[in-house]
Amino acid sequence: MNDDAMGLRARNSQATREAIGHAALRLAIERGPNGLALVRVHDIATAAGVSPRTYNNYFSSRAEAICAFQADQSRRVGQALRSRPAGEPLDQAVTAAVIELYSDPEPDKAGLRMIMSTPELEGEALKAFTMAEGPLAEAIATRTGTDPGRDLFPAVTAAAVAGAIRVAGRHWLEPGNTESFATTLRRALSCVLPVAPPDAPSRRPGGTG
C-alpha cells in the first residue's frame, strides 16, 4: 500500500471515529441527565451510519465514545506545541498551542457539562486529559533542552497544564460565567506556566543546551 493510500485510509478511519463520537455525545445529551445509562450501542451506531461491529472496532465503552473528542485533542497537544515558532518563550508557546487546540472550535457547553457532571464520563475525560501529559512533556523537553529522564520540569509542567485545562473547563461552566473558553483557559494557564526551566539561561530554546 503506497503512502497516499495509507493516508486516505487513516483519514477515513479518523472520520469514522469522529462520527461515532459525535453521535454518542449528541444522543447522550438528548437523553437528558441520565443519558449515559439510556443510550445504547445500537443507537449510536445507527446515528453514526455504521454497524455495531464497526463501533466495537473503535470503542470499548459508551463513555469512551462520548469522550472521544477530548481524547483526540489530548493526543495532538504535543504536536501543537512542536508547531510553534522555536524562539517563542515557553509560556507563550504552550498557551498559544493549548488555546488553539482546545478553543477552536469552542467546546459545546451542553456536552462538556454532561461529561463533567457524570462520574463515569468525568473519569473517562480525566484519562483523556492524562494522555496529553506524555506527548506534551516530550515537546517541552525538546523545546527547553531538558532531559525528561532526569529533569522533573517537563513532566511537572505538562501535568500542571493538563490540570489547568480541566479546571478551566469546570470554571467556564459555572453559572454567570459569560467569558469565552479561550479567555478562561488563558487565565488558568497563567497560574501554572513558568517562562522557562529554573536553569534555562544555559539552554537554547528548542536546542540541546
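Residues numbered from 1 in each chain as written. Predicted model: local features only at pLDDT ≥ 70, side-chain atom pairs only at ≥ 80, totals over all residues. Heavy atoms only, no water.

J.: Could you clarify how one ought to interpret the overall build of the protein in this entry?
T.: When its secondary structure is counted, the protein shows twelve helices and zero strands. Its C-alpha atoms give the protein principal-axis dimensions of roughly 60 × 55 × 25 Å. In the protein, the share of contacts with a sequence separation of at least 24, taken over all contacts with a separation of at least 6, comes to 69%. Approximately 10900 Å² of the protein is accessible, and the part contributed by carbon and sulfur atoms is 55%. Positive and negative charge centroids in the protein, built from 23 and 23 side chains respectively, lie 2 Å apart. (Helix = DSSP H or I, 4+ residues; strand = E, 2+ residues; numbered from the N terminus. Contact = heavy atoms within 4.5 Å. Areas by Shrake-Rupley, 256 points an atom, 1.4 Å probe, with all protein chains shown as cover. Lys, Arg positive; Asp, Glu negative; His and termini not counted. Charge placed at Lys NZ, Arg CZ, Asp CG, Glu CD.)

J.: In this structure, what is going on with the packing of helix H7 (residues 90-103) against helix H12 (residues 181-190)? I would like to understand it.
T.: Two numbers describe a pair of packed helices, the interaxial angle and the distance between the axes. At a minimum axis separation of 10 Å, H7 and H12 run at an interaxial angle of 145°. The element H7 and its partner H12 pack so that their crossing is right-handed. On the side of H7, the interface is formed by Thr95, Val98, Ile99, Tyr102 and Ser103, while H12 contributes Phe181, Ala182, Leu185, Arg186 and Leu189. Residue composition of the contact of H7 with H12, by class: seven nonpolar, two polar and one charged. (Axes fitted to C-alpha atoms, helices over the stretch in contact; angles between N-to-C directions. Left-handed = near helix turned anticlockwise from the far one by under 90°. Nonpolar A, V, L, I, M, F, W, Y, C, P; charged D, E, K, R; others polar.)

J.: Can you walk me through unusual backbone geometry in this structure?
T.: Most peptide bonds adopt trans geometry, and most residues besides glycine take a negative phi value. Geometrically, the link from Asp104 to Pro105 is a cis peptide bond, its omega value of 10° lying close to zero. Here Pro105 shows up in the loop between H7 and helix H8 (109-117).

J.: Explanation requested: helix H9 (residues 119-131) in the structure shown.
T.: Because an α-helix completes one turn every 3.6 residues, residues spaced three or four positions apart along the sequence face the same direction. Relative to the 18 Å expected for 13 residues at 1.5 Å per residue, H9 spans 19 Å between its end C-alpha atoms, a close match to the ideal helical length. Residues Leu121, Glu124, Ala125, Ala128 and Phe129 constitute the buried set of H9. Each buried residue of H9 sits inside an arc of 145° when the element is viewed along its axis, so together they form one side. (Expected span 1.5 Å × (residues − 1). Buried < 20%, exposed > 50% of the residue type's maximum accessible area, 1.4 Å probe, protein only. Arc of directions from axis to C-beta.)

J.: It is not clear to me how the packing of aromatic side chains should be interpreted in this structure. Could you clarify?
T.: Scanning all chains against the criterion turns up three aromatic pairs. Ring centres of Tyr55 and Phe59 lie 6.0 Å apart, and the angle between their planes is 50°; on these two criteria the pair is classed as tilted. Of the two residues, Tyr55 and Phe59, both sit in the buried class. (Phe/Tyr/Trp six-rings, centres within 6.5 Å; stacked < 30°, edge-to-face > 60°.)

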